[in-house]
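# Examining the three-dimensional arrangement
Listed here are the chains, written in short residue letters.
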Amino acid sequence: GTFLAFAASRGAIVEGWDLNEACVKGCNSNLNFVASTDHVIRLQDATMPNLSGIDHSIDGVVANFPWGQNSIAYLDENKSILRNIATLVPPQTPCAFVTKTISLQQDMKALGYQLVGHAHVPPKDFELPMGNKQQSKRHRRSSSDCVITIAFSPG
């Protein structure tokens, strides 16, 4: 719900789906606190969206895909989500996809998404400077925590 709360706090009408009922309830509660704009947060599987439930235009997409240690288990579901987004939004809709690695980008291209670019968060090979509490080591990350890919929907 963080992305939704950010957009709603700036006046956007937001819609979100999640399989976890507690997340849906928490997101609705947070959005009611943060913003006065309309929002719809549903308990729904994004791999099988109810397209008839969408009665408004969609101007942008932010999708935080399942990722982390269990991401391999979700590969087919992530591809289904990409396919469903492509059928749900108008052509050339801006999209931001949050994933663990860039590996899903090949599926994005195959489905017709136009990739604009991506950013690693934090950046790869990011090095924290030594602080007062650190004795002799600098902390260096050889990989990022996630990747944000910017693309336009097919069409």
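See the structure printed just above.
Please read these numbers as outputs of a predicted model, since none were measured by experiment.

A few words on the pairing of strand β4 (residues 94-99). Counting buried residues in β4 gives 5 out of 6 residues, a clear majority hidden from the surface. Bridge analysis of strand β3 (residues 61-64) against β4 gives 4 bridges, and the strand direction is parallel. If you follow Asn64 over to β4, its bridge partner there is Val98. Across 6 bridges, the pairing between β4 and strand β8 (residues 146-152) is antiparallel.

In space, the 4 strands of this open sheet follow the order β3-β4-β8-β5, with mixed pairing throughout. Two strands close off the open sheet at either side, each with one partner strand: β3 and β5 (114-121). Strand-to-strand twist of the sheet, defined as the mean angle between neighbouring strand axes without regard to direction, takes the value 15°.

Now for the environment of Met108. On the secondary structure map, Met108 appears in helix α4 (residues 105-110). Along the primary structure Met108 and Arg83 are separated by 25 residues, whereas in three dimensions their C-alpha atoms are 8.8 Å apart. Excluding residues that lie within four positions of it along the chain, Met108 makes contacts with Leu82, Phe97, Tyr113, Leu115 and Thr149.

Grouped burial of nonpolar side chains is what soluble globular proteins tend to show. Core analysis: the biggest nonpolar cluster contains 14 residues, and Val61, Phe65, Leu82, Ile85, Phe97 and Tyr113 have the highest contact counts within it. Counting only elements with at least two residues in this core, the list comes to β3, α3 (75-88) and β4. With 3 residues, α3 is the largest single contributor of residues to this core. Ranked by size, the runner-up nonpolar core spans 9 residues in total, among them Ala5, Val24, Ala35 and Ile41.

About the thresholds
- Residues numbered from 1 in each chain as written.
- Predicted model: local features only at pLDDT ≥ 70, side-chain atom pairs only at ≥ 80, totals over all residues.
- Heavy atoms only, no water.
- Buried < 20%, exposed > 50% of the residue type's maximum accessible area, 1.4 Å probe, protein only.
- Helix = DSSP H or I, 4+ residues; strand = E, 2+ residues; numbered from the N terminus.
- Pairing = 2+ DSSP bridges.
- Axes fitted to C-alpha atoms, helices over the stretch in contact; angles between N-to-C directions.
- Contact = heavy atoms within 4.5 Å.
- Core = buried A, V, L, I, M, F, W, Y, C linked by side-chain atoms within 4.5 Å.

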